[in-house]
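Observations on the model geometry
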Amino acid sequence: MIQIDEKTYFYLLFIIPIMVIIFVLLQIWKKRTQKKFADSPLLKRLAPTKSSFKSALKLILFILGLSLLIIGLANPKIGTKLETVKREGIDIVFAVDVSKSMLAEDIAPNRLEKAKRLVSEIINQLGSDRIGIIAYAGQAYPQLPITTDYGAAKMFLQGMNTDMLSSQGTAINQAIELASTYYDDAEQTNRVLFIISDGEDHSEESTLNAVEKAVDQGIKIYTIGVGNEKGAPIPIKRNGIVERLKKDLQGEVVITKLNKEVLIDIADDGNGEYIDGSITDDAVKYIKEQLNKIEKTEFEAKQFSEYKDQFQWFLAGGLLFLFLDIFILDRKTKWLQKLNLFNEKKVE
């Protein structure tokens, strides 16, 4: 397990592409200036020991040294002691709708980004609960198994998009069935499933059957609606620019609407509640209150209790590369000239 103490230092890495651009522009300027002064054969006679690749080598060494120093300043640590601890919490699974209808922008910036923000804010309010994430559209896909690693959960959450599943549609029943397999602890009785969706369901009858089976397994289902009932078109974008709007087989622009009734029915049958996700703070506050009412169950979890600093290795490597950069000169090295690695002709 790797832990970074000072992640803000990584912003210094943006200096590197700027240095490369400056170096390239400088080399172009030098060549143009030299051509104005003399032709290539004459320049080689005037400076026979000047190396054509040493300047690039020095830049590479300097960049490597600087990068390692920056990583060292961030102070990476490696977990050295793994121990099992007792914790109390709830097993929570988030099923996030990633169908194309979630691209509708009737709620800013769009339904999917709103859903991801809601889940992220809920995670911020959790203490020692275990969480899992599922992505679903025409089929359900396990995104993250039950874990206590909230950092990993947020990383996987941010990577979710509407292109991750080739099968389009909205099969909520498959999300519920997959979620039922997430609760692997037979003694964990406090099981909660959050379905974050716009409510468009292409398998309503199968969904209600899946809800019944989930309830029999002790799973409480909450639904969070994103979008509005007026609806909006589905933009098809490329590089952030809208190319067109999604159309049906008749050539009409598809208007996708929040189907609140479906989500309410699922929540009612699942012994949970429907939650309006329009206002993030209000929704998260209400969800936190509901989770606090649920009795916590004790479970075992493994975590790293001790971390060892690794910054010294990066600093040592960085200083070594900078040292080499300082002592490598721009002129050719005699023993390399004798090897003639680049098959260069001697200047007479």
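This write-up is about the structure you can find in this document. (Residues numbered from 1 in each chain as written. Predicted model: local features only at pLDDT ≥ 70, side-chain atom pairs only at ≥ 80, totals over all residues. Heavy atoms only, no water.)

Glancing now at the overall build of the protein chain. Along the protein chain, the regular secondary structure elements total 11 helices and 13 strands. When burial is assessed residue by residue, the protein chain has 40% of its 348 residues classed as buried. Within the protein chain, counting contacts between residues at least 6 apart in sequence, those at least 24 apart form 83% of the total. Surface summary for the protein chain: the accessible area is close to 20,500 Å², and the carbon and sulfur share equals 56%. (Helix = DSSP H or I, 4+ residues; strand = E, 2+ residues; numbered from the N terminus. Buried < 20%, exposed > 50% of the residue type's maximum accessible area, 1.4 Å probe, protein only. Contact = heavy atoms within 4.5 Å. Areas by Shrake-Rupley, 256 points an atom, 1.4 Å probe, with all protein chains shown as cover.)

A few words on the packing of aromatic side chains. The description of an aromatic ring pair rests on the distance of the ring centres and on the angle between the ring planes. On inspection of all chains with the given rule, the structure shows three aromatic pairs. Residues tyrosine 11 and phenylalanine 14 carry aromatic rings whose centres are separated by 6.4 Å and whose planes lie at 25° to one another, so their mutual orientation is stacked. Note on accessibility: tyrosine 11 and phenylalanine 14 belong to one class, exposed. A ring pair is formed by phenylalanine 194 and tyrosine 222, whose centres lie 5.3 Å apart and whose planes are at 25°; its orientation type is stacked. Here the residue phenylalanine 194 occupies a position in strand 6 (residues 191-197), and tyrosine 222 occupies one in strand 7 (residues 219-225), the gap between them amounting to 28 residues. We note that phenylalanine 194, like tyrosine 222, is buried. Following the ring pairs from residue to residue traces out a cluster consisting of Phe94, Phe194 and Tyr222. (Phe/Tyr/Trp six-rings, centres within 6.5 Å; stacked < 30°, edge-to-face > 60°.)

Further remarks concern a positive patch on the surface. The grouping of Lys31, Arg32, Lys35 and Lys36 at the surface amounts to a positive patch. Note that arginine 32 resides in helix 1 (residues 15-37). Arginine 32 gets classed as exposed once you look at its relative accessible area, which sits at 58%. (Patch = residues over 30% accessible without salt bridge, like charges linked within 9 Å, V, L, I, M, F, W, Y side chains within 5 Å. Salt bridge = Lys/Arg side-chain N within 4 Å of Asp/Glu carboxyl O. Lys, Arg positive; Asp, Glu negative; His and termini not counted. Charge placed at Lys NZ, Arg CZ, Asp CG, Glu CD.)

A few words on the nonpolar core. Buried together is how nonpolar side chains tend to be arranged in soluble globular proteins. Counting 35 residues, the largest nonpolar core has Ile92, Phe94, Phe194, Ile196 and Leu291 as the members making the most contacts within it. Of all the elements in the fold, those that place two or more residues in this core are strand 3 (91-97), helix 4 (111-124), strand 4 (130-136), helix 5 (150-158), strand 6, strand 7 and helix 9 (280-293). Take this core: its biggest share by element is six residues, from helix 4. Setting aside residues up to four positions removed in sequence, isoleucine 92 forms contacts with Leu126, Asp129, Arg130, Ile131, Gly132, Ile146, Val192, Phe194 and Leu291. With 22 residues, the next largest nonpolar core counts Ile176, Ala179, Tyr183 and Ala210 among its residues. (Core = buried A, V, L, I, M, F, W, Y, C linked by side-chain atoms within 4.5 Å.)

Attention now goes to helix 3 (residues 54-73). Given a rise of 1.5 Å per residue, 20 residues ought to cover 28 Å, and the 28 Å separating the end C-alpha atoms of helix 3 matches this to within 8%. Directly after helix 3, the chain includes asparagine 75, whose backbone phi takes a positive value near 55°. (Expected span 1.5 Å × (residues − 1).)

This brings us to the pattern of salt bridges. Any two side chains of opposite charge can pair, on the condition that their charged atoms come close. One pass over the full model with this rule turns up nine salt bridges. A salt bridge links lysine 77 to aspartate 309, with the shortest nitrogen-to-oxygen separation between them at 3.7 Å. Taken together, the residues lysine 77 in strand 2 (residues 76-89) and aspartate 309 in strand 13 (residues 297-309) connect sequence positions 232 residues apart. A salt bridge links aspartate 91 to arginine 130; the shortest N-O distance between them is 2.8 Å. Here the residue aspartate 91 occupies a position in strand 3, and arginine 130 occupies one in strand 4, the gap between them amounting to 39 residues. With respect to burial, aspartate 91 and arginine 130 carry one shared label: buried. Overlapping salt bridges bring together Asp106, Arg111 and Asp198 as one network.

Let's shift gears to the packing of helix 4 against helix 9. To describe two helices that pack against each other, one gives the angle between their axes and the distance between the axes. Packing of helix 4 against helix 9 leaves a shortest axis separation of 10 Å and a crossing angle of 40°. Considering the angle they form, helix 4 stands oblique to helix 9. Crossing of helix 4 over helix 9 shows right-handed handedness. From helix 4, Lys114, Arg117, Leu118, Glu121 and Ile122 reach across to helix 9, where they touch Thr280, Ala283, Val284 and Ile287. Residues that form the contact of helix 4 with helix 9 fall into these classes: five nonpolar, one polar and three charged. (Axes fitted to C-alpha atoms, helices over the stretch in contact; angles between N-to-C directions. Parallel < 35°, antiparallel > 145°, perpendicular 65-115°, else oblique. Left-handed = near helix turned anticlockwise from the far one by under 90°. Nonpolar A, V, L, I, M, F, W, Y, C, P; charged D, E, K, R; others polar.)

Next up on the list: the environment of isoleucine 328. You can see isoleucine 328 is positioned in the loop between helix 10 (311-327) and helix 11 (334-339). A relative accessible area of 22% means that isoleucine 328 is categorised as partly exposed. For the pair isoleucine 328 and lysine 58, spaced 270 residues apart in sequence, the C-alpha separation works out to 7.1 Å. Filtering out sequence-adjacent residues up to four positions away, isoleucine 328 remains in contact with Lys54, Leu57, Lys58 and Leu61.

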